[in-house]
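Structural features, examined
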Amino acid sequence: MYDFLTGPMLWLSLAVFFGGLAARVVWYVKGLRWNLDRVPYGHLTSTGWLWALKSVIFWLIPFGSRSWRTKPGFAALFFLLHFGLVLVPLFYTGHTMFLKQWLGVSWPAMPAGLADALTILAICAGVLMLLRRYALPEIRIITGPQDLAVMALSLAPLVTGYVAAHQPENYAFWINAHILTGEILLLAAPFTKLAHVALFFCSRMQLGLDYGTKRGGRKGRGLAW
Amino acid sequence: MPEGKYCNTTPIGTEEALKELLSDSRGTQYYEEMEQLDVDTDKLAAALKNTCKSRTRTWLSMCARCGLCADSCFLYRVNDCDPTQVPSYKIQTTLGEMVRKNGKVDNEFMRHCMEVAWAQCTCCNRCGQFCPHGIDMGVMFSYLRGLLYAQGFVPWELKIGAGMHRVYRAQMDVTNEDWVETCEWMAEEQEEEWPGLTIPVDKEGADIMYTCNAREPKHYPEDIAEAAILFHIAGENWTVPSEGWEQTSLAMFAGDWEACTMQVKSVYSAMERLRPRRMVGTECGHAHRATVVEGPYWAGRPDGKPPVECLHYVEWVAEALRTGKLKIDPAKRIKEPVTLQDSCNYVRNNGLAMVTREIMSYIVEPGYFIEMTPNKEYNYCCGGGGGFNGIGRFRPQRNKALRTKRDQILATGAKLVIAPCHNCWDAIRDLEEEYEIGIRWSFLKPLLISMVEVPEHLKPKEEEE
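Residues numbered from 1 in each chain as written. Chains lettered and ligands numbered in written order. Predicted model: local features only at pLDDT ≥ 70, side-chain atom pairs only at ≥ 80, totals over all residues.

**Examining the overall build of chain A**
Secondary structure assignment for chain A yields 12 helices and zero strands. Tracing chain A from N to C terminus, the helices and strands come up as α-α-α-α-α-α-α-α-α-α-α-α. Across its three principal directions, the C-alpha atoms of chain A cover 65 × 40 × 35 Å. Within chain A, the proportion of its 225 residues that are buried is 35%. (Helix = DSSP H or I, 4+ residues; strand = E, 2+ residues; numbered from the N terminus. Buried ≥ 20, exposed ≤ 12 C-beta atoms within 10 Å, placed from the backbone.)

**What to know about the overall build of chain B**
Scanning chain B from terminus to terminus reveals 22 helices and seven strands. What you see for chain B is a C-alpha radius of gyration of 22 Å, in line with the 23 Å of a compact globule of 465 residues. For the C-alpha atoms alone, the extent of chain B along its principal axes is close to 80 × 45 × 40 Å. Counting all 465 residues of chain B, 55% fall into the buried class. When contacts within chain B are restricted to residue pairs at least 6 apart in sequence, long-range pairs at least 24 apart make up 81% of them. (Rg over C-alpha atoms; globule rule 2.2 N^0.38 Å. Contact = placed C-beta atoms within 7 Å.)

**Considering the interface of chain A and chain B**
In this complex, chain A contributes 45 residues to the contact, which on the side of chain B involves 40 residues. Taken together, the elements giving at least two residues each to the side of chain A that touches chain B come down to α2 (8–30), α3 (34–37), α4 (46–60), α5 (66–70), α9 (137–140) and α12 (196–214) of chain A. By residue class, the composition of the side of chain A that touches chain B is 18 nonpolar, 14 polar and 13 charged. (Nonpolar A, V, L, I, M, F, W, Y, C, P; charged D, E, K, R; others polar.)

**A closer look at the sheet that holds strand β1 (residues 208–211) of chain B**
Residue and element names in this part refer to chain B. Across the sheet, which stays open at both edges, the four strands sit in the order β2-β1-β3-β4 with parallel pairing between neighbours. Strand pairing shows two members of the sheet lacking a second neighbour, β2 (238–239) and β4 (309–311), which therefore form its edges. With two bridges connecting them, β1 and β2 associate as parallel partners. What sits directly across from I208, in β2, is W238. (Pairing = 2+ DSSP bridges.)

**As for the sheet that holds strand β5 (residues 338–340) of chain B**
Residues and elements named next belong to chain B. An order of β5-β6-β7 is seen for the three strands of this open sheet, with the pairing classed as parallel. Among the strands making up the open sheet, the edge pair consists of β5 and β7 (440–442). The sheet shows a mean angle of 25° between the axes of neighbouring strands, direction not considered. Direction of pairing for strand β6 (residues 416–418) relative to β7: parallel, over a ladder of three bridges. Considered in β7, the bridge of I418 is made with S442. (Axes fitted to C-alpha atoms, helices over the stretch in contact; angles between N-to-C directions.)

**A look at the packing of helix α7 (residues 107–119) of chain B against helix α8 (residues 137–150) of chain B**
All names here are of chain B. Running from amino to carboxyl end, α7 crosses α8 at an angle of 140°, the nearest separation of the two axes being 10 Å. Regarding the angle of α7 to α8, the classification is oblique. In this structure, α7 crosses over α8, and the sense of that crossing is left-handed. On α8, the residues that touch M110, C113, M114 and A117 of α7 are F141, L144, R145 and L148. Looking at side-chain class alone, the contact of α7 with α8 contains seven nonpolar, no polar and one charged residues. (Parallel < 35°, antiparallel > 145°, perpendicular 65-115°, else oblique. Left-handed = near helix turned anticlockwise from the far one by under 90°.)

**Notes on the pairing of β1 of chain B**
A regular strand places its side chains so that they alternate between the two faces of the sheet. All names here are of chain B. Here β1 shows two buried faces, one formed by I208 and Y210 and the other by M209 and T211. As judged from the four bridges shared by β1 and strand β3 (residues 278–281), these two strands associate in the parallel manner. Looking at β3, one finds that I208 is bridged to R278.

**Quick word on the domain arrangement of chain B**
Many analyses report the size of an interface as the accessible area lost when the parts associate. Residue and element names in this part refer to chain B. Domain boundaries assigned for chain B yield domain 1 (39–154), domain 2 (168–311) and domain 3 (331–451). Using only C-alpha atoms to locate each centre, domain 1 and domain 2 end up separated by 33 Å. Domain 1 puts six residues into the contact, and the matching count from domain 2 is four residues. Within the side of domain 1 that touches domain 2, the residues separate by chemical class into three nonpolar, two polar and one charged. (Domains from an automatic or database assignment.)

**Thoughts on the confidence of the model for chain B**
A low pLDDT means the predicted coordinates there should not be read in detail. On average, residues of chain B score 97 in pLDDT, and 99% of them reach the 70 mark or higher. Reported for the predicted complex are a pTM of 0.97 and an ipTM of 0.96. (pLDDT = per-residue confidence, 0-100.)

**Description of the pairing of β3 of chain B**
Across three bridges, the pairing between β3 of chain B and β4 of chain B is parallel. Across the sheet, V280 of chain B pairs through a bridge with L311 of chain B, a residue of β4 of chain B.

**Here we look at unusual backbone geometry**
Most peptide bonds are trans, and most residues other than glycine sit at a negative phi. Residues and elements named next belong to chain B. A cis amide bond links T373 to the next residue, P374, at an omega of -10°. Assignment of secondary structure puts P374 in the loop between α19 (353–363) and α20 (395–412). Even without being a glycine, C81 presents a positive backbone phi close to 55°. You can see C81 is positioned in the loop between α5 (74–78) and α6 (87–100). In this structure, D202 takes a positive phi of about 55° despite not being glycine. Along the chain, D202 falls in the loop between α10 (176–190) and β1.

**Here we look at helix α8 (residues 112–135) of chain A**
Residues and elements named next belong to chain A. Taking 1.5 Å per residue, 24 residues should reach 34 Å; α8 reaches 34 Å between its end C-alpha atoms and fits that length. Within α8 the residues assigned to the buried category are A115, L118, T119, A122, A125 and G126. Packing partners of the buried residues in α8 comprise α6 (72–91) and α10 (145–166). (Expected span 1.5 Å × (residues − 1).)

**Points about the packing of α10 of chain A against helix α11 (residues 171–188) of chain A**
All names here are of chain A. Where α10 contacts α11, the axes come no closer than 8 Å and their chain directions differ by 160°. Classified by the angle their axes make, α10 and α11 are roughly antiparallel. Crossing hand, α10 versus α11: left-handed. Between α10 and α11, the residues in contact are L153, S154, A156, P157, T160, G161, V163 and A164 and Y171, W174, I175, A177, H178, T181, G182, I184, L185 and A188, respectively.

**Side note on the nonpolar core**
Within the largest apolar cluster, 172 residues are counted, with the highest numbers of intra-cluster contacts made by L148 and V317 of chain B. Ranked by the residues each element gives to this core, the list is headed by α8 of chain B, at 10 residues. With residues up to four places along the chain from it excluded, the contact list for V317 of chain B reads I359, L444 and L448 of chain B. Counting residues in each nonpolar core, the second largest holds 14 residues, with Y92, A125, L158 and Y162 of chain A among its members. (Core = buried A, V, L, I, M, F, W, Y, C linked by C-beta atoms within 7 Å.)

**Quick notes on the environment of L144 of chain B**
Residue and element names in this part refer to chain B. Following the sequence through the fold, L144 ends up in helix α8. Remark: the alpha-carbon pair of L144 and L95, spanning 49 residues in sequence, is separated by 6.2 Å. Other than its neighbours up to four places away in sequence, L144 contacts T94, L95, C113 and A117.

Laid out in structure tokens, this is it:
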């Protein structure tokens, strides 16, 4: 089982993840129309691109955008969840060691204690975000099954990974569960709202270009959301 | 019933059709017919296929339903945080549903969409600033309006408004002859007080071509006179075109993109005909948005630029004050608490927030200018934007929406509100009428005239002496 999950299944998952997301990005860019979107895509200036970059960066910085500052509680949950989901998979010692064995590439790992803390915080943040969905009427009304599924898919590898790392007696079961849920997450990404891992950058850059050229950029108004 | 006598999918193309639709007072029969109007689902599916591309589809599908847009929407807040007023909910249950069903929707759904698109969103675009994914629901509602318009599901007044542009190339029944006559009349009226003042029509190669809002020749001709006086004092070499003088676009509010194109092209041909150095438009927000910000795309200009550089009136005023073309008498500056309305259409959507504040620094005695909260790009819609002011059927909703601005103004303590935008000006007038909070409101032009220093050589000669 382990060999299958870390062999063909891993290749498949990564291929679907990267291939699928690349296809969505290509489809997104090819579908942009200057006349329908009313944005001068063919006449972009350096100011436009600068704004596109700012539009991404200010939203990636915790409390960097006005919206994050307006809702600091939600922003904190959001960043804790995303730190756990992005940093731990990339820099957890077990993962970097596996990568070294598998492909021979490696990069520095984070201390195990930090990985544990980020994982626990991310799980808590995810659960609180789910509770928020049901506690607040304005979010409950827009919540659908896909929103729950996406959160479940995202938290599953964190939970199973944490247990595998701390439960030596059932290690085989938990590590397989961890790898499998991780691969399901990769496989689902291009076909669900998880595609935002790539499309976030497209969408934010598009709005940045819009504001940076047509809506104010040409008037020199620097607006960092 | 497939198509009604008044409510149908045919745009208004003639003066006769326009008068007939106007004769159905308040659109009584029009809205009755709308209840029976068939949805052409094939046409709707084709429209979605051709115009609903990756940006819109991605916005709809990637919405994380986080709800950060809720509090950004003044209509959500002013309607007691009604969850059905959350922008994400509003767009997902209308355009989102239409896209998911690929246009297979019924009459009741379309009428619901009409109400949401015109009474629950003013296309102010504030929500787009608060969405982590950069989803601009105002842009999508404007797109939805276009789909609804093409199927005949559009508020009566906006079908008329779009028809006006198609027939007169103006939002009201003002012909080019009426316009030129009004200019002549206004110039004559000023003869005694402002010797030498003219309103030059169709002068080629002027520095400024001035365009306006048809309401001005129709209802407030003194606004044209005021513009002329200020250009006269500033010594500008300016002109107005006899054709292509109307900058507004109710067609934009209606979602009638074909009429938008006709309208903006009429202004651009005036630019091409008269070759002015620049165009200056009047104190109107959506007019600037339609002619300068969105217009180039309708006119088929992929660089997004009009044929000549275009300024909003506030940009011209700021420049004239900065360069000393207009000088303010310090003794006549505003010396009472005063606040400023930021128009969504040229502040949030065209970056002119600091320009209006520069003007305030010249015309208000230091210490008397009070900002609204929130302000600049984050300001709330006046409550009447996007056509909301003009739709009788949605008047109760509009009046409720005005409370946001009422409370913002009350919080400043100012009794004077400067509103360099026709729609905002109207909304503020209406909120005073509705809620009687004891405020005055004004465009910039009359304020400037009351405090500008008039050069000696422009003053009338005292003949008796």
